[in-house]
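Fold and contact review
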Amino acid sequence: RTNNLEIHYRAAVNKICIILNYEERQKLKETAEQFLNEYETKTIDRHKVNKKTAYYSSQCSLWYGLSGLGSGSSKCDYWTNAEIINKHAYFLIHFTPSRTDDGKDLTPKENLYFSPTQLRDFIEILDQDYLIDQVKDLRSKAYTY
């Protein structure tokens, strides 16, 4: 109904939920494909990994909590980049600590690393047609007697 994709996972003691709208998913797909193209052509720059050298930077929602998603920001800053670790290239999505919506705290710093193989799977999941098919399957299962 909202066309948002929620990514849930646990990081140390926190439950984390990242919410991506359609536009953010499209930009993530574009930057992930750019990374894969650079990876396959062996043209990934070896540079300092930060916001200034990022493929893309924007904002999305990030919520967290110990037992539930009690705190978070609807405007959490993030950026994407390539990082070389032990001579292997990874696609990085870096979430910068951002002020929570209630103004009392900061969101946790999060780094998500994807190998090229994992990134191809992630791109497929971000695809709008794939998500529409998943929703159709869920609806048919939910309303089938």
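Each remark here, short or long, concerns the structure printed above.
The structure reproduced in this document is the subject of the present report.

**Thoughts on the pattern of salt bridges**
Within this structure, the stated rule accounts for 3 salt bridges. Among the salt bridges present, the one from Lys29 reaches Asp127, with a minimum N-O distance of 3.1 Å. A residue pair is termed long-range when its members are at least 10 positions apart, and Lys29 in helix α1 (residues 22-40) and Asp127 in the loop between α2 (116-126) and α3 (128-142) qualify at 98 residues. Its relative accessible area of 24% is what places Asp127 among the partly exposed residues.

**Overview of the packing of α1 against α2**
Where α1 contacts α2, the axes come no closer than 10 Å and their chain directions differ by 150°. Taken together, the axis directions place α1 and α2 in an arrangement best described as roughly antiparallel. Considering how the two elements wind past one another, α1 and α2 form a crossing that is left-handed. Every residue of α2 that contacts α1 at Arg25, Leu28, Lys29, Ala32, Glu33, Phe35, Leu36, Tyr39 and Glu40 is listed here: Pro116, Leu119, Arg120, Ile123 and Leu126.

**As for the nonpolar core**
Membership of the largest hydrophobic core comes to 29 residues, with the highest contact counts inside it found for Ile18, Phe35, Phe91, Ile93, Phe95 and Leu119. Of all the secondary structure elements, the ones that give two or more residues to this core are β1 (5-11), β2 (14-20), α1, β3 (56-65), β4 (71-85), β5 (88-95), β6 (110-114) and α2. Setting aside anything within four residues of it in sequence, one finds Phe91 in contact with Thr31, Ala32, Phe35, Tyr55, Thr80, Asn81, Leu112, Tyr113, Phe114 and Leu119.

**Some thoughts on unusual backbone geometry**
Although it is not a glycine, Ala12 sits at a positive phi angle of roughly 55°. Tracing the backbone through its elements, the reader meets Ala12 in the loop between β1 and β2. Of note, the phi angle at Asn86 is positive, near 50°, even though the residue is not glycine. Note on Asn86: relative accessible area 70%, which makes it exposed.

**Topic: the sheet that holds β2**
Here 6 strands make up an open sheet; going across it, the order is β1-β2-β3-β4-β5-β6 and the pairing antiparallel. The open sheet has two edge strands with one neighbour each: β1 and β6. Taking each pair of neighbouring strands and ignoring which way they run, the sheet shows an average axis angle of 35°. Sheet topology note: the β5/β6 ladder contains 5 bridges and is antiparallel. Within β6, the position partnered with Phe95 by the bridge is Glu110. On the sheet, α1 packs against β1, β2, β3, β4 and β5 and is oriented at approximately 160° with respect to β5. Sitting on the sheet, α2 is in contact with β1, β2, β5 and β6, with an inclination near 105° to β6.

What counts as what
Residues numbered from 1 in each chain as written. Predicted model: local features only at pLDDT ≥ 70, side-chain atom pairs only at ≥ 80, totals over all residues. Heavy atoms only, no water. Salt bridge = Lys/Arg side-chain N within 4 Å of Asp/Glu carboxyl O. Helix = DSSP H or I, 4+ residues; strand = E, 2+ residues; numbered from the N terminus. Buried < 20%, exposed > 50% of the residue type's maximum accessible area, 1.4 Å probe, protein only. Axes fitted to C-alpha atoms, helices over the stretch in contact; angles between N-to-C directions. Parallel < 35°, antiparallel > 145°, perpendicular 65-115°, else oblique. Left-handed = near helix turned anticlockwise from the far one by under 90°. Contact = heavy atoms within 4.5 Å. Core = buried A, V, L, I, M, F, W, Y, C linked by side-chain atoms within 4.5 Å. Pairing = 2+ DSSP bridges.

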